[in-house]
Amino acid sequence: MLAAPSLKDGAATAYCEQHRSEWQEVWELYGVPCDIAEAVIFPELIRYNLFQDKMESGAVKTLYIAKGREGCDFSIGRFQMKPSFAEDLEKRWMRSGLAREYNLYFDTKDNETARKVRISRLEKEEWQCIYLAIFLKMLYLDYGSVDKQGRHMQNGIETLPAHEQVRLAATAYNRGCRWSNPGYGSLEEIRARSGEKHFHTAVVPTSKTRLYVYADIAMKHYRLSGKGRQ
């Protein structure tokens, strides 16, 4: 039995149903599993607060544009993506060799122009879908069964049962682009962190704020919707 928290997720579920078809159009273009992609961002939809998002992004985006991630880093939009997250994804994407295949290029220079464009993208839900697609493409590439030359490397993430892919992808998303850092360098290490409680729904967290397992919430949604019911 899945031990997932009981959260008020009705609004988040309704939002998924309203926007699923347009999300899938983007995710299918990049060949990522739509049911897994939706499950990965579902916990963020629960937490999202429109008023808070408007306040935070409006107040601090100028500081990020001027000084970069060291000046300010904050979550934007329904999928709650930080500029540093998008920046790291852009750099990974440009190193992956996939930019030409998908005709999608990023300016990864550390300057105000690139940061301003990045903020503008993150404020659009279509672009958040694209960044999520890139995130999953990079995750599956880094932990795939073959390398860029087609040589077998390992039993990749795509060979695992779908429910395990959800847990691994959700855990990696919740922790940001860290899987290449010490402590995140293998599927086993990501799997070991998949039960950690970091996620909360408080606007201002305190020592008494209840923490949840992000992957549990993602899995609950996956099992209640789409292929997860099969």
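Residues numbered from 1 in each chain as written. Predicted model: local features only at pLDDT ≥ 70, side-chain atom pairs only at ≥ 80, totals over all residues. Heavy atoms only, no water.

### What about the overall build of the protein?
Part 1 of the reasoning: Of regular secondary structure, the protein possesses 10 helices and two strands.
Part 2 of the reasoning: Reading the helices (α) and strands (β) of the protein from amino to carboxyl end gives α-α-α-α-α-α-α-α-α-β-β-α.
Part 3 of the reasoning: Per-residue burial for the protein yields a buried fraction of 48% across its 230 residues.
Part 4 of the reasoning: When contacts within the protein are restricted to residue pairs at least 6 apart in sequence, long-range pairs at least 24 apart make up 62% of them. (Helix = DSSP H or I, 4+ residues; strand = E, 2+ residues; numbered from the N terminus. Buried < 20%, exposed > 50% of the residue type's maximum accessible area, 1.4 Å probe, protein only. Contact = heavy atoms within 4.5 Å.)

### Here's the deal with the state of the cysteines
Part 1 of the reasoning: Evaluated as defined, the whole model comprises zero disulfides.
Part 2 of the reasoning: In this structure Cys34 is not part of a disulfide, and its nearest cysteine sulfur, from Cys129, lies 9.7 Å away.
Part 3 of the reasoning: Given a relative accessible area of 12%, Cys34 falls into the buried group. (Disulfide = S-S within 2.5 Å.)

### With respect to the packing of helix α6 (residues 112-122) against helix α7 (residues 125-142)
Part 1 of the reasoning: In the contact formed by α6 and α7, the axes pass within 6 Å of each other and the chain directions differ by 105 degrees. Considered as vectors, α6 and α7 are oriented roughly perpendicular to each other. From α6, Arg118, Arg121 and Leu122 reach across to α7, where they touch Trp127, Gln128 and Tyr131.
Part 2 of the reasoning: Residues that form the contact of α6 with α7 fall into these classes: three nonpolar, one polar and two charged. (Axes fitted to C-alpha atoms, helices over the stretch in contact; angles between N-to-C directions. Parallel < 35°, antiparallel > 145°, perpendicular 65-115°, else oblique. Nonpolar A, V, L, I, M, F, W, Y, C, P; charged D, E, K, R; others polar.)

### Description of the pattern of salt bridges
When the charged atoms of two side chains lie near each other, side chains of opposite charge can form a pair.
Part 1 of the reasoning: Tallying each qualifying case throughout the model produces 15 salt bridges.
Part 2 of the reasoning: A salt bridge links Asp88 to Arg69; its shortest N-O distance comes to 2.7 Å. You can see Asp88 sitting in helix α4 (residues 83-96) and its partner Arg69 sitting in the loop between α3 (50-67) and α4, a full 19 residues away along the chain.
Part 3 of the reasoning: For Arg69, a relative accessible area of 29% corresponds to the partly exposed category. (Salt bridge = Lys/Arg side-chain N within 4 Å of Asp/Glu carboxyl O.)

### Considering the nonpolar core
Part 1 of the reasoning: Residues Trp27, Phe79, Leu132 and Tyr173 are the most contacted members of the largest nonpolar core, which totals 66 residues.
Part 2 of the reasoning: Looking at which element gives the most residues to this core, the answer is α7, with 12 residues.
Part 3 of the reasoning: Each residue touching Trp27, except ones within four places of it in the same chain, is listed here: Val32, Cys34, Ala37, Glu38, Phe79, Cys129, Leu132 and Ala133. (Core = buried A, V, L, I, M, F, W, Y, C linked by side-chain atoms within 4.5 Å.)

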